[in-house]
Amino acid sequence: MIYLDNAATSWPKPQSVYNEVYDTMVKCGANPGRGSHRLSLEASRIVYSTRERLAKFLNASSSMNISFTLNCTMALNTAIKGVLKEGDHVLITSMEHNSVVRPLNALKTKGISYDIVWCSKEGLLDPDDVRKAIKSNTKLIITTMASNVCGALMPVEDICSIAGTNGIIYLVDAAQGLGSINLDVKKWGIDMVAFPGHKGLLGPQGTGGLYVKSGLRLNTIIEGGTGSHSDLDEQPQELPDKLESGTLNTPGIAGLGAGVKYIQENGIEKIRAHEIYLTQCLIEGLKGIKGVVIYGPVDSKERIGVVSANIDNVDSTLVGHILDSRYGIATRSGLHCSILAHKTMGTEKQGTVRFSIGPFNTLDEINYTIKAVYEIAKNFA
């Protein structure tokens, strides 16, 4: 199997990730923060270690700014619903995932509104368009770090400056890009970052987190046991306890820590260079095939390792099925939970075939994929 669906879940993982998950399950299966015995303390140490590693990775001022969640969707819901109240206005881009759009639509019944800042057909955002769309009651700006459909990178640093100048909270959806692109929350002054563990950070599914800037207070969307302040019948107010109700996924968090460690030890710049190289090779190869249409930025430096394409008017799900069944190539076809992005690109009826590259893909795999697309396109000509 040639796996080109890393934007959904990175695979394979570094061997150290598998080892950490297994070792934690076998050697330390206890509940972190729920006991004073040695196994519980070891579980707490594992959670703390990963929290510290993530804080360093994001350049957060404290590891207490990192709260663990089950995935990025939970982190986004926690952030969005935690800061908004009746009368607030939100700005999003047209490349946002349904994990942003659906919570906002659910909040309309509570008097919260939002506007969409439309990106170019290539998925690129003009920061001035964000500035012009700000209203007197704009409370929150949300942008993805990079499009999960066409890979286009967002001008995060520029948006952060605009938000800060206008006293607006800025939330970055880092579901795509984190792990191969640097994100410095302290230097740029980012307020919140929602991230998954199972994509670019190379961790297991069922992991993720939310960075919240010091001093920013969120309301909770779930309450319960935190392992702290058990004498209180109300939710603790300090982070990360406030946002971490219930038992954490300790084995998954251990694996996430191993994934981040792998990135740190191998160098994010090296991972990014590999991604750019293979992405450019894929784009150049697909460009030479008659009938193939490629979406997103032309320059691979303006995107992450995500390439969406179609063959003339052929149904994208059919192409994806052929790639899998005949060639053993895993991609994702359709609308990718991002209908706004497809409307931006003009592909809302056909969808696209998405090829997403990870750190363990090779040039031989890319060349084989190009050959497969050529043969499929030739058969449909």
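Refer to the preceding data block for the structure.
Description of the structure in this document.

Here is what the cut-offs are and how they apply
Residues numbered from 1 in each chain as written. Predicted model: local features only at pLDDT ≥ 70, side-chain atom pairs only at ≥ 80, totals over all residues. Heavy atoms only, no water. Helix = DSSP H or I, 4+ residues; strand = E, 2+ residues; numbered from the N terminus. Expected span 1.5 Å × (residues − 1). Buried < 20%, exposed > 50% of the residue type's maximum accessible area, 1.4 Å probe, protein only. Arc of directions from axis to C-beta. Pairing = 2+ DSSP bridges. Axes fitted to C-alpha atoms, helices over the stretch in contact; angles between N-to-C directions. Contact = heavy atoms within 4.5 Å. Salt bridge = Lys/Arg side-chain N within 4 Å of Asp/Glu carboxyl O. Phe/Tyr/Trp six-rings, centres within 6.5 Å; stacked < 30°, edge-to-face > 60°. Core = buried A, V, L, I, M, F, W, Y, C linked by side-chain atoms within 4.5 Å. Parallel < 35°, antiparallel > 145°, perpendicular 65-115°, else oblique. Left-handed = near helix turned anticlockwise from the far one by under 90°. Nonpolar A, V, L, I, M, F, W, Y, C, P; charged D, E, K, R; others polar. Polar contact = N/O pair within 3.5 Å; in protein donor to acceptor, adjacent residues only side chain to side chain.

**Brief notes about helix 2 (residues 38–58)**
Thinking step 1. Taking 1.5 Å per residue, 21 residues should reach 30 Å; helix 2 reaches 30 Å between its end C-alpha atoms and fits that length.
Thinking step 2. S40, A43, I46, V47, T50, R51, L54, A55, F57 and L58 are the residues of helix 2 that are buried. Projected onto a plane normal to the axis of helix 2, the buried residues spread over an arc of 165° and lie on a single side. Away from its buried face by more than 90 degrees, helix 2 exposes R38 and K56.

**Things to note about the sheet that holds strand 9 (residues 292–295)**
Thinking step 1. Pairing is antiparallel across the open sheet formed by four strands, whose spatial order is 9-10-13-12. Edge positions in the open sheet fall to strand 9 and strand 12 (332–334), since each of these has one partner strand only. Strand-to-strand twist in this sheet, taken as the mean axis angle between neighbours without regard to direction, amounts to 30°.
Thinking step 2. Direction of pairing for strand 10 (residues 306–311) relative to strand 13 (residues 352–356): antiparallel, over a ladder of four bridges. The residue bridging S308 from the neighbouring strand is R354, located in strand 13.
Thinking step 3. Here helix 9 (residues 268–287) sits on the sheet and contacts strand 9, strand 10 and strand 13; the angle it forms with strand 10, its principal contact strand, is near 10°.
Thinking step 4. Against the sheet, helix 10 (residues 316–327) touches strand 10, strand 12 and strand 13, its axis set at about 45° to strand 13.

**What to know about the pattern of salt bridges**
Thinking step 1. Tallied over the full model, the rule gives 10 salt bridges.
Thinking step 2. For the salt bridge of K85 with D88, the shortest nitrogen-to-oxygen distance reads 3.7 Å.
Thinking step 3. D88 is the partner of K139 in a salt bridge, and the nearest nitrogen-oxygen pair spans 3.5 Å. Taken together, the residues span a long stretch of sequence, with K139 in strand 5 (residues 138–144) and D88 in the loop between helix 3 (72–83) and strand 3 (89–93) at a distance of 51 residues.
Thinking step 4. When its relative accessible area of 7% is taken as the criterion, D88 is described as buried.
Thinking step 5. Each of K85, D88 and K139 takes part in a single network of salt bridges with overlapping partners.

**Details of unusual backbone geometry**
Only a minority of non-glycine residues have a phi that is not negative, and only a minority of peptide bonds are not trans.
Thinking step 1. Following W11, the chain continues into P12 via a peptide bond in cis, with omega recorded as -5°.
Thinking step 2. On the secondary structure map, P12 appears in the loop between strand 1 (2–3) and helix 1 (15–27).
Thinking step 3. L239 connects to P240 through a cis peptide bond whose omega is 5°.
Thinking step 4. Even without being glycine, N59 reaches a positive phi, approximately 60°.
Thinking step 5. Tracing the sequence through the fold places N59 in the loop between helix 2 and strand 2 (66–69).
Thinking step 6. In this structure, L202 is a non-glycine residue whose phi angle is positive, near 70°.
Thinking step 7. Within the element layout of this structure, L202 appears in the loop between strand 7 (192–196) and strand 8 (208–212).
Thinking step 8. On the accessibility criterion, L202 (2% relative accessible area) is buried.

**With respect to the packing of aromatic side chains**
Thinking step 1. By the definition in use, this model includes three aromatic pairs.
Thinking step 2. Look at Y327 and Y368: their rings are 6.4 Å apart centre to centre, the planes differ by 70°, and that puts the pair in the edge-to-face class. With Y327 in helix 10 and Y368 in helix 12 (residues 363–380), this pair connects stretches of sequence that are 41 residues apart.
Thinking step 3. Residue Y327 is classed as buried on the basis of its relative accessible area of 17%.

**Quick notes on the nonpolar core**
Thinking step 1. One finds L58, L178, L183, V193, F195 and L201 to be the most contacted residues of the largest nonpolar core, which totals 54 residues.
Thinking step 2. Those elements giving two or more residues to this core turn out to be helix 2, strand 2, helix 6 (156–165), strand 6 (169–173), strand 7, helix 8 (250–266), helix 9 and helix 11 (339–345).

**Observations concerning the packing of helix 10 against helix 12**
Thinking step 1. It is the contact of helix 10 with helix 12, at a shortest axis distance of 11 Å, that shows an interaxial angle of 120°. Taken together, the axes of helix 10 and helix 12 are oblique relative to one another. In the crossing of helix 10 with helix 12, the sense of the turn from one axis to the other is right-handed. Residue-level inspection shows L318, I322, L323, R326 and Y327 of helix 10 in contact with helix 12, the latter providing Y368, A372, V373, E375, I376, N379 and F380.
Thinking step 2. Tallied by class, residues from the contact of helix 10 with helix 12 come to nine nonpolar, one polar and two charged.

**A word on the sheet that holds strand 6**
Thinking step 1. Within the open sheet, the seven strands sit side by side as 2-8-7-6-5-3-4. Their pairing is mixed. With partners counted over all chains shown, the strands left at the sheet margins are strand 2 and strand 4 (113–117), one partner each. Each strand axis lies, on average, 20° off the axis of its neighbour in the sheet, ignoring direction.
Thinking step 2. Bridging between strand 3 and strand 5 involves four bridges; their strand directions are parallel.

**Structural notes on the packing of helix 2 against helix 8**
Thinking step 1. With their axes 9 Å apart at the nearest point, helix 2 and helix 8 run at an angle of 35° to one another. When the axes of helix 2 and helix 8 are compared, the crossing they make is left-handed. Facing helix 2, whose interface residues are A43, I46, V47, T50, R53, L54 and F57, helix 8 presents T250, I253, A254, L256, G257, V260, K261, I263 and Q264.
Thinking step 2. Taken together, the residues that form the contact of helix 2 with helix 8 break down as 10 nonpolar, four polar and two charged.

**Side note on the environment of D241**
Thinking step 1. Positionally, D241 belongs in the loop between strand 8 and helix 8.
Thinking step 2. Accessibility expressed as a relative area gives 19% for D241, which makes it buried.
Thinking step 3. In this structure, the C-alpha to C-alpha distance between D241 and S67, residues 174 residues apart in sequence, is 7.7 Å.
Thinking step 4. If we skip the residues at most four places from it in the chain, D241 touches T226, S228, Q235 and P236.
Thinking step 5. A distance of 2.5 Å separates a polar atom in the side chain of D241 from a polar atom in the side chain of S228.

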